[in-house]
Amino acid sequence: MKVCIAEKPSVARDIAAILGATSKKDGYMEGNGWAVTWAFGHLVGLAMPEAYGFTGYKRENLPILPQEFILVPRQIKEGKEYKNDPGVMKQLKIIKELFSKADDIVVCTDAGREGELIHRYIYAYLQCNKPFQRLWISSLTDKAIKEGFQNLKPGSDYDNLYQSAKARSQADYIVGINASQALSIAAGRGSWSLGRVQTPTLAMICSRYLENKDFKPQTYFKLKLHTAKDTASFAVLSVDKYDNRPVADEILQRVRAAGTVRVTTVEKKEVKQEPPLLYDLTALQKEANSKHGFSADKTLNIAQALYEKKVLSYPRTGSRYISADVMDEIPHLIATLKDHPRFGTYAVGMENIILNIRCVDDKKVTDHHALIITGDPAEGLTGDERTIYDMVAGRMLEAFSNRCTKENTTVSLDAGGVHFACKGSVTLLPGWRSVFNATDEEAQEEDLITLPALLQGDILSVLDTEVLEKQTKPRPLHTEGSLLSSIESCGKECENEEEREAMKDGGIGTPATRAAIIETLFAREYITREKKALVPTNKGLVVYLAVKDKKISDVAMTGQWEHALAKIGSGEMDAATFHHGIEVYASQITTELLDIAFEHTDDRPGCSCPKCNNGQVVFYPKVAKCNSEDCGLTVFRSIAKKDLTDTQLTALLVNGATPMIKGFVSSKTGNTFEAAVTFDSDYKTVFKFPENKKGNRKKGKSK
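All figures in this text were calculated on a predicted structure; none of them were measured in a lab.

Asker: What am I meant to see in the packing of aromatic side chains here?
Answerer: Any aromatic ring pair is given by two values, namely how distant the centres are and how the planes are angled relative to each other. Applying the stated rule across the entire model yields 15 aromatic pairs. With a centroid separation of 5.2 Å and an interplanar angle of 70 degrees, the aromatic rings of Phe99 and Tyr123 are classed as edge-to-face. Of this pair, Phe99 sits in helix α2 (residues 86-101) while Tyr123 sits in helix α3 (residues 113-125), and the two are 24 residues apart along the sequence. Here Phe99 and Tyr123 have matching classes, each one buried. Ring centres of Phe673 and Phe687 lie 5.2 Å apart, and the angle between their planes is 90 degrees; this geometry places the pair in the edge-to-face category. You can see Phe673 sitting in strand β28 (residues 672-679) and its partner Phe687 sitting in strand β29 (residues 685-688), a full 14 residues away along the chain. Given the relative accessible area of 4%, Phe687 is considered buried. Taken together, Phe664, Phe673, Phe687 and Phe689 form an aromatic cluster joined through their ring pairs. Sitting over the ring of Tyr158, Arg134 keeps its end group 6.0 Å from the ring centre. Stacked on the ring of Tyr220, the Lys or Arg Lys241 has its end atom at 4.8 Å from the ring centre.

Asker: I'm lost on the pairing of strand β13 (residues 232-238) in this one. Help?
Answerer: Successive residues of a regular strand alternate their side chains across the two faces of the sheet. Sheet analysis places strand β12 (residues 219-229) next to β13, joined by six bridges and oriented antiparallel. Residue Leu225 lies in a different strand from β13, and its bridge partner there is Val236. Between β12 and β13, which pair antiparallel in sequence order, lie two residues; one of them, Asp230, sits at a positive phi of approximately 60 degrees. Both β13 and strand β16 (residues 418-429) contribute to a ladder of two bridges, which runs antiparallel. In the strand pairing of β16, Leu237 is matched with Ala421.

Calculation rules
Residue positions within a chain follow its written sequence, with the count starting from 1. The predicted nature of this model means local features are confined to residues of pLDDT at least 70 and side-chain atom pairs, given and counted, to a pLDDT of 80 or more, with totals for whole chains, interfaces and linings taken over all residues. Calculation of side-chain values draws on the structure's entire complement of heavy atoms; hydrogens and water are dropped beforehand. Any pair of Phe, Tyr and Trp rings, taking the six-membered ring for Trp, is counted once the centres come within 6.5 Å. Such a pair is stacked with planes under 30 degrees apart, edge-to-face with planes over 60 apart, and tilted for the rest. Helix and strand definitions here come from DSSP, where helices need a minimum of 4 consecutive H or I residues and strands a minimum of 2 consecutive E residues; each element is numbered from the N-terminal end. Only protein chains enter the area calculation, which uses a 1.4 Å probe; residues under 20% of their type maximum are buried, those over 50% are exposed, and those in between are partly exposed. Cation placement over rings: the criterion is NZ of Lys or CZ of Arg within 6 Å of the ring centroid and within 35° of the ring normal. For two strands to count as paired, DSSP must find a minimum of two bridges between them.

Quick look at the structure:
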């Protein structure tokens, strides 16, 4: 009998149907000389410290560095204890019995690092040492499965991939266990969680949040001039900006006195824009977040569902390229979109063009090629599934389309010695931009305007002028899309040039794990969402402030490890060398974290927390925050450019509102105003303004 093991039941059913194993049994399918069984994801994992004799959080136990790792079945929590999951134990028993009877074993878990780890850990736990073959496919269509079984690979071909997966698993265990226990011991209360990738990611969110919060906007002024040629009116902005209003007003009078504006230069340049590359998982997640508000985890789950419905290729890919043999299928895949309600007409038109091959590069295809459709009918999809499918299908059409050709115009003007400028753009051949009709959207993003036919030396009338008051803006809070970009290219933000060069091709985490990292931060209650923005909770800020200068938060080092894991997978690095480095690092961070002197609240002013009624709100130089890790109350001292005193904070927390305070500064007008600070229903600070003449009060958000 031949036995297949898949990663989950739905995939096993697809494979069983191809093999003719149509008889349903308890935990597997059987027929035609085959038995097809399945896992439920990770059935087996690394044992917790108690299995090695380390109970509780004790300073003398650290660092915990197992010489031999113990594998255990997936566990569930009952009360305060963890026990083996009965369903997992039952399935492992079925798999073991099938393996013992098997003449041949074919591993059909997902073709990637985690899929390899799933089956290897099961093998090791069951002490199975029979040789196996590997099914390695990038889609679940009937055709792909059949071709995959005709080209099975020896399991040993993937030993390096397993070494990489195991090294990642053990590194996360060693760093996570030791860092979390060390910080918890240093804090002296509560249980805190740190991780190899989780903590640098939290640091990105918190540092951006505090940078944004501490940002002091600078006011500046620009001139706007309205003019026209023939019947086409347009506006231009001054090249220079001015630090104060009187200077801007003085320059404005000079422009008005001139009465005319002269075109000094007109530069036209034809630009050819290459189409975008195909999606990898991270690129898809970023765009789905920015355009549709989907979380990274939601996008991954939808893409996985579409993969299992056989309409998308394998989603957990880090490549944006396809190989030459896959390119042979692209004309057929494009043809399957001829009846698509959105892309049908465009797909028909692609029959008459030479397809762009920018994203065809065998050397840049990793374990899996870029995300593409499979050509199977995409029927019965939910609304969200249709959204992701159309994104992938549309991007595929874009990627193989002609370049977009535009004529960009840059115009310089002079009015009374004051320089103005503007930019315009005309699309000559839309090319790939016709797929989603993106030309207008791009023009808006780049502040491009429609210009009349201007010539150098043209003298135009000044129709109107105005002074625009503007303010410098901080970098925005991270969204999941921007965070994924930072995770993927974190090396670019390293100040050290050598570190930046070492990480130019790296990031932290992998496309397959980055969504899970973000979800872990939500589960730990370290971050929350405010609309699309990711904002740290009080608990998350406490962790960040404690470890922000420690090795555990070092983004560069974490990114370099991810690069090392990739090298282990390709056979360029020895796993034992990497593991030794992780053990040394774990010892270093354990010492660092145990030495943290947590700020004791006894000698700091504070008062009882009005939100949770359990904790104590402690006053710090920049914030007042509740010391209960389960409470999210944080009050920033600086509100509208005014710092609250300890007395005012106490009044807010005890009485629910401060007295009237003078000297707040409006972010819109720059004018000062008087208000009291109070809480809304979510314990966010808001303003309560003085009574007006009618005896009414107004409320507004505090910033």
